[in-house]
Structure formats: structure tokens, C-alpha cells
Amino acid sequence: MATQPQRSAERAEKLALRLAERASGALIDEARLTPKPGLVDGRGSGAHHDLTLALMERSARALQPTFYALALNSWRRPADIALRQQVGQLGREGEARMMAATQGVNTHRGAIWALGLLVSAAAMLDDESTAQAVCQTAAALARLPDDRAPRTFSKGLRATQRYHVPGAREEAQQAFPHIAQLALPQLRRSRAAGASEAQARLDALMAIMTSLSDTCVLSRAGLAGLEAMRQGARQVLSAGGCGTPEGEQALARLDADMLRLNASPGGAADLLAATLFLDGICLPTD
Ligand SMILES: CC(C)(COP(=O)(O)OP(=O)(O)OC[C@H]1O[C@@H](n2cnc3c(N)ncnc32)[C@H](O[C@H]2O[C@H](COP(=O)(O)OP(=O)(O)OP(=O)(O)O)[C@@H](O)[C@H]2O)[C@@H]1O)[C@@H](O)C(=O)NCCC(=O)NCCS
Ligand SMILES: Nc1ncnc2[nH]cnc12
């Protein structure tokens, strides 16, 4: 008969496997979702020259062991410095894994950050929780310092300082408002209004794009690119979403604008993947 510690280990491993499969699956679902403005999708490489759908999928699969390790090591632990450092280390190993799988192309750095924290938070809470609870727990972890992190200067950091806007760090530290307050409610509203699953997911992406300061867009296309992204996404939603003929036309215009400006909302795409992950693992609210 299995002893108590054996049963606990089995439970932790089972949960870690489920979370890791869901996290990698959410990355693949996001990458395949079509048509996404400026992004890699089933039609092609969007505004990118070095990314393809096959590469995004390879990267997503290569990250599954990272998500598994994050969940297993976070199981039922409190948000403290020791866990923050371990999660940081596992996240950096995940980035190295991604780079090895893609021969040095940055496919999912932002996604490793957002999904990594959310996978850890779901394992910390263990029981099925609401998306709000998982986002709050992830935020508690993100707000802790990681003294072992190398002091490097990134494109994201440069954009947040130049334009005085929040970036990926702040989104996590504020408990992912673009997921909890915009994307998840929009996903559920669009489904309830009869949109197809793909249309509802595209609407959720639009909801994120209406207000995110996506440092990927800022680095490539400046404030003009960011404003075009936000305005275009608002037009899609105010036309009734991607499921209406007017919404579909507005989405095509937004795609053309993003390509013309060389803008890619990679941060919004990461947050959509994180939304799909939470939608798949969390208790429904309201
Ligand atoms: C906190 C970190 C995310 C580092 O953040 P920072 O802002 O310093 O660094 P970046 O390297 O720029 O990464 C940020 C990425 O986050 C995504 N993102 C952008 N804006 C937001 C936002 N407002 N909210 C949430 N997420 C956002 C975005 O990722 C996507 O874009 C990537 C492609 O970017 P880039 O290489 O710039 O792309 P290109 O334009 O294609 O380059 P060129 O072709 O022009 O050369 C892609 O990866 C998408 O995922 C931003 O890029 C975090 O990484 C960190 O500190 N990690 C340390 C480890 C850790 O503690 N982990 C814990 C959890 S596991
Ligand atoms: N579909 C996508 N295209 C480009 N960059 C991304 N980053 C995350 N998902 C992406």
C-alpha cells in the first residue's frame, strides 16, 4: 500500500504533468489561431522574418519540461524568496531550452515569464482555484526580488523607460489585469454571444490589444505603432467582434496596418496563451 508521502508525491506529479501539458498546449493553440494581426499564425510569419509556425510549435513543446519542473517545485509552497529564486532559475533554464530548440530565435521569452509564474501559482494553490486567485498568487511571486537574476538590459526594459509605460514585469506584479479584467471576460462573453471558439479567442486577443503597452510593438514601431494596435483592436470589438462581417473587415485592416508598421504584438500573444491556460484549468467565476 502507498504511504502518505508516496501519495503526496504522486499527486504533485500528476498535477505537474497536467499543468505542463496545458501550458504547452495553450502556446500551440495561440500560435495556430488564425488570423492574428502582425503575428505568426496558420497563414505565415506575420511581421517576423525569423519566426514560423513550425518554430513556435517546436518551442512550445520544448518548454513542457520547464513547466513541469516549475509546477513540481512550487507544489503547496508559499510565495517566499526561496521559491522566487528557484522559479527564476527554472525560468532562465527554460529560456536556454527555448534558444536551443529554435537555434537562437526568441519565440517565447515573454510567455515563459507569464505562463511560468501562473503554472507555479496554480501548483502553489494545489486545489482548483479561480483565475483571480491564480493571478494574485503569481503576482505575489513576481513582486519578490530575485537577487540571482543577471543584471542585463533588455529591449522591454528600454521601451518601458523610454515611453514611461508598464511592461511584462509590471503586468505580472499587478496580477495580470489584461487577462483577469479584459481577456477572460471577453472570451466568455463572445462564447455566450454565439461566436465560434476561434472567434472568441480572437476577440480575447483584441481585448488585450485595446490597452496593453506591448514592448514588442513599441520596440519595433514606437508610439504610433502602439496607438494603431489599440485603435484597430477597439474598432474590431466595437463592430461586434471577429464574428461579424464588419469586425472581420476591421481585423483585416488591423492586420494590414501592423504589417505596414512592422509591428508584432508578441506580448499580447503571450497573454492570450496565458488566458487560454487559465480558462482550461480554473474554476469558472460569476
Ligand atoms: C520579466 C521578463 C519578461 C523580462 O522582461 P523585459 O521587459 O526586461 O524583457 P524582454 O526580453 O523584452 O521580454 C519581455 C517580453 O514580454 C512580452 N511582453 C511585451 N510587453 C508585454 C506586456 N506589456 N505585458 C506582458 N508581456 C509583454 C514580449 O514577449 C513576446 O515578444 C517576444 C519577442 O520579443 P523580441 O525579441 O523583442 O522580438 P522581435 O521584435 O521579434 O525582435 P527582433 O526581430 O526585432 O530582433 C517573444 O518572446 C514573445 O514572448 C516581450 O518580448 C522575464 O523574461 C524575466 O525577467 N525573466 C527572468 C527569469 C524569471 O524570473 N522567470 C520567472 C518565471 S518563469
Ligand atoms: N504568434 C506569435 N507571433 C509572434 N510572436 C509571438 N510571441 C508569442 N506568440 C507569438
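In the nomenclature of an unreviewed UniProt entry, the protein chain corresponds to 2-(5''-triphosphoribosyl)-3'-dephosphocoenzyme-A synthase from the organism Mixta calida. We quote the UniProt Catalytic activity (unreviewed entry) comment for the protein chain here in full: "3'-dephospho-CoA + ATP = 2'-(5''-triphospho-alpha-D-ribosyl)-3'-dephospho-CoA + adenine". Looking at the protein chain in UniProt, the text filed under Function (unreviewed entry) is "Involved in the formation of 2-(5''-phosphoribosyl)-3'-dephosphocoenzyme-A, the prosthetic group of the acyl-carrier protein of the malonate decarboxylase."

*Asks:* Would you mind showing me how to read helix 4 (residues 81-101) here?
*Replies:* Residues spaced three or four apart along an α-helix face the same direction, because each turn holds 3.6 residues. In this model helix 4 runs 30 Å from its N-terminal to its C-terminal C-alpha over 21 residues, within 8% of the 30 Å that 1.5 Å per residue would give. Every buried residue of helix 4 is accounted for by Leu-83, Arg-84, Gln-85, Val-87, Gly-88, Leu-90, Gly-91, Gly-94, Met-98 and Ala-101. Tucked inside the fold, the buried residues of helix 4 contact helix 2 (53-62), helix 3 (64-74), helix 5 (109-125) and helix 6 (131-142).

*Asks:* I would appreciate a short explanation of the pattern of salt bridges in the present structure.
*Replies:* Any two side chains of opposite charge can pair, given that their charged atoms come close. Scanning the entire structure with this criterion turns up 16 salt bridges. We note a salt bridge from Lys-36 to Glu-30, for which the minimum N-O separation is 3.6 Å. Taking relative accessible area as the criterion, Lys-36 reaches 0% and is therefore assigned buried. Salt-bridge contacts for Asp-255 lead to Arg-43; the nearest nitrogen and oxygen are separated by 3.0 Å. Linking Asp-255 in helix 12 (residues 245-260) with Arg-43 in the loop between helix 1 (4-32) and helix 2, this pair joins segments that are 212 residues apart in sequence. Overlapping salt bridges bring together Asp-29, Arg-188, Arg-191, Glu-197, Arg-201 and Asp-279 as one network.

*Asks:* Is there a simple way to explain the site of ligand 2 in this structure?
*Replies:* Around ligand 2, the neighbouring residues are Glu-30, Lys-36, Leu-39, Val-40, His-48, Leu-51, Met-56, Thr-107, Gly-266, Ala-269 and Asp-270. Contacts to ligand 2 include Glu-30, whose side-chain N or O atom sits 2.8 Å from a nitrogen atom. Between Val-40 and ligand 2, the recorded distance is 3.0 Å, taken from a backbone N or O atom to a nitrogen atom. A total of 260 Å² of accessible area belongs to ligand 2 in isolation, and the protein chains cover 96% of it. Sort the elements by how many residues they give to the shell around ligand 2 and helix 13 (residues 266-281) lands first, with three residues. Among the residues forming the shell around ligand 2, the class breakdown is five nonpolar, three polar and three charged.

How each quantity is defined
- Residues numbered from 1 in each chain as written.
- Chains lettered and ligands numbered in written order.
- Predicted model: local features only at pLDDT ≥ 70, side-chain atom pairs only at ≥ 80, totals over all residues.
- Heavy atoms only, no water.
- UniProt positions renumbered as here; feature names shortened; annotations may be inferred.
- Helix = DSSP H or I, 4+ residues; strand = E, 2+ residues; numbered from the N terminus.
- Expected span 1.5 Å × (residues − 1).
- Buried < 20%, exposed > 50% of the residue type's maximum accessible area, 1.4 Å probe, protein only.
- Contact = heavy atoms within 4.5 Å.
- Salt bridge = Lys/Arg side-chain N within 4 Å of Asp/Glu carboxyl O.
- Near = heavy atom within 4 Å.
- Polar contact = N/O pair within 3.5 Å; in protein donor to acceptor, adjacent residues only side chain to side chain.
- Areas by Shrake-Rupley, 256 points an atom, 1.4 Å probe, with all protein chains shown as cover.
- Nonpolar A, V, L, I, M, F, W, Y, C, P; charged D, E, K, R; others polar.

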